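Below, each chain spelled out in residue letters.
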Amino acid sequence: MLWFKKKKSDNNQIDNNIESNVDNSLDNSLDNNLDKKLDKSSEKGFFSNLKSGLSKTREKFTKSIAVSIFGKKIIDEELLEDIESHLLLADIGVSATNQIIEDVKKRIAFKELNDVQALWETIKHSLNDILLPCDVKLDISKLGKKPFVILMVGVNGTGKTTTIGKLAHKFQKEGKSVMLAAGDTFRAAAVEQLKSWGDRNNIPVIAQSTGADSSAVMYDAIQSACAKDVDVLIADTAGRLHTQKNLMQELEKIKRVLNKVMPDAPHETMIVLDAGIGQNALVQAEEFNKAMKLTGITITKLDGTAKGGMVFAIAKKLKLPIRYIGVGEGIEDLQEFHAHEFVDALVAE
């Protein structure tokens, strides 16, 4: 009798274990499916935001070209001239435009373009080719030590300080500790603006009074970040006009100061460009690149302009990594740049 009870108890235990394993398996399966759905939902949300953010550029660029292409039955010289004009008007730039037109002409010569739909696909393919070399994600883990120092540069009005706040929020969501350095001591409101972002995200901000030596701020910040084992230090700088040599020299001084504390710092020198100024953004990037040897680009305000074609002009000319793009004012509207997604959103039917 005791044996029977024990046997029954053992069987119950086995049943319970089986039920538990089945339940856990189902839970895990449901969790995995839910995670996949959430990931897909997130991807759709990001693409939807990107598509919406590029609506003004798409209206000017894609629709005008589409009307020219699909309004014709044959591909002739007149059509190619129309396409070239539309590309230039969309701020894609001479160099990028020439590459696209040359790609089309080559395919025509090899009899690879039989209709206007094939022509449209060729243009999309060329646009992707221009952007792909710049599709390089910012990897702060590659350094292998802390902190990863990001030096933000650019002229006033590009959204540099706001971009810093959004980047800080992004790194926090990834579980990274962040510190900010208020190196823009030239503009009265800049320090307060950065402190506001710090308060909002509970992030320490190293700052001094307006008019202080920005290099001294950087020195304090990197020493503090090293001492506190912070993952990422993001340093703001004054919004300098690229034509003011003395201010550009001050930027070089900041870089040297950071380099003294950490020989390889800054690890990323990122310029923030305003998409709304079109081809002038390329001029800014070229000048800053000469002085600072840029390693990354963030392009903001794409949602407020029809000049988003400037992304192609910058990619073709500089071939520097485009790390992020801004497609809205919200804190989540700073997105990682992906070439295929950008082109798909731009030429979305």
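Trainee: Can you break down the overall build of the protein residue by residue, with the values?
Mentor: Summing up its helical and strand segments, the protein has 13 helices and eight strands in all. Per-residue burial over the protein gives 46% buried out of 349 residues. Carbon and sulfur atoms provide 51% of the accessible area of the protein, an area that totals close to 17500 Å².

Trainee: Can you lay out the pattern of salt bridges for me, pointing to particular residues and giving the numbers?
Mentor: Side chains that differ in sign of charge can pair as their charged atoms come close. For the structure on display, the rule yields 18 salt bridges. Across the salt bridge formed by Glu174 and Lys170, the nearest N and O atoms sit 2.5 Å from each other. Residue class for Lys170 comes out buried when judged on its relative accessible area of 18%. Residues joined in a network through salt bridges with shared partners are Lys72, Asp76 and Glu78.

Trainee: Would you mind going over unusual backbone geometry in detail, with residue names and values included?
Mentor: The omega angle of the peptide bond from Lys146 to Pro147 is -10 degrees, so this bond is cis rather than trans. Residue Pro266 is reached from Ala265 by a cis peptide bond, and omega for that bond is -5 degrees. Its location among the elements puts Pro266 in the loop between helix 10 (245-261) and strand 5 (268-274). With a phi angle near 55 degrees, Lys111 is a residue other than glycine that sits in the positive phi range. Considering the arrangement of structural elements, one finds Lys111 in the loop between helix 5 (94-109) and helix 6 (116-131). Note on Lys111: relative accessible area 70%, which makes it exposed. Although it is not a glycine, Lys301 sits at a positive phi angle of roughly 60 degrees. Take Lys301: it is sitting in the loop between strand 6 (296-300) and helix 12 (310-318). Its relative accessible area of 35% is what places Lys301 among the partly exposed residues.

Trainee: Break down the environment of Ile130 for me, citing the residues and quoting the values.
Mentor: Mapping Ile130 onto the fold places it in helix 6. Note on Ile130: relative accessible area 4%, which makes it buried. Spatially, the C-alpha atoms of Ile130 and Ile314 are 9.7 Å apart, while their sequence positions differ by 184 residues. When residues no more than four places from it in sequence are discounted, the contact partners of Ile130 are Ala96, Gln99, Ile100, Phe312, Ala315 and Lys316.

Trainee: An account of helix 13 (residues 339-346) is requested, with residue identities and associated values reported.
Mentor: Given 3.6 residues per helical turn, the α-helix brings residues three or four places apart onto the same face. All buried positions along helix 13 are accounted for by Ala339, Phe342, Val343, Ala345 and Leu346. Burial along helix 13 is one-sided: seen end-on, the buried residues are contained in an arc of 165 degrees.

What counts, and at which threshold
- Residues numbered from 1 in each chain as written.
- Predicted model: local features only at pLDDT ≥ 70, side-chain atom pairs only at ≥ 80, totals over all residues.
- Heavy atoms only, no water.
- Helix = DSSP H or I, 4+ residues; strand = E, 2+ residues; numbered from the N terminus.
- Buried < 20%, exposed > 50% of the residue type's maximum accessible area, 1.4 Å probe, protein only.
- Areas by Shrake-Rupley, 256 points an atom, 1.4 Å probe, with all protein chains shown as cover.
- Salt bridge = Lys/Arg side-chain N within 4 Å of Asp/Glu carboxyl O.
- Contact = heavy atoms within 4.5 Å.
- Arc of directions from axis to C-beta.

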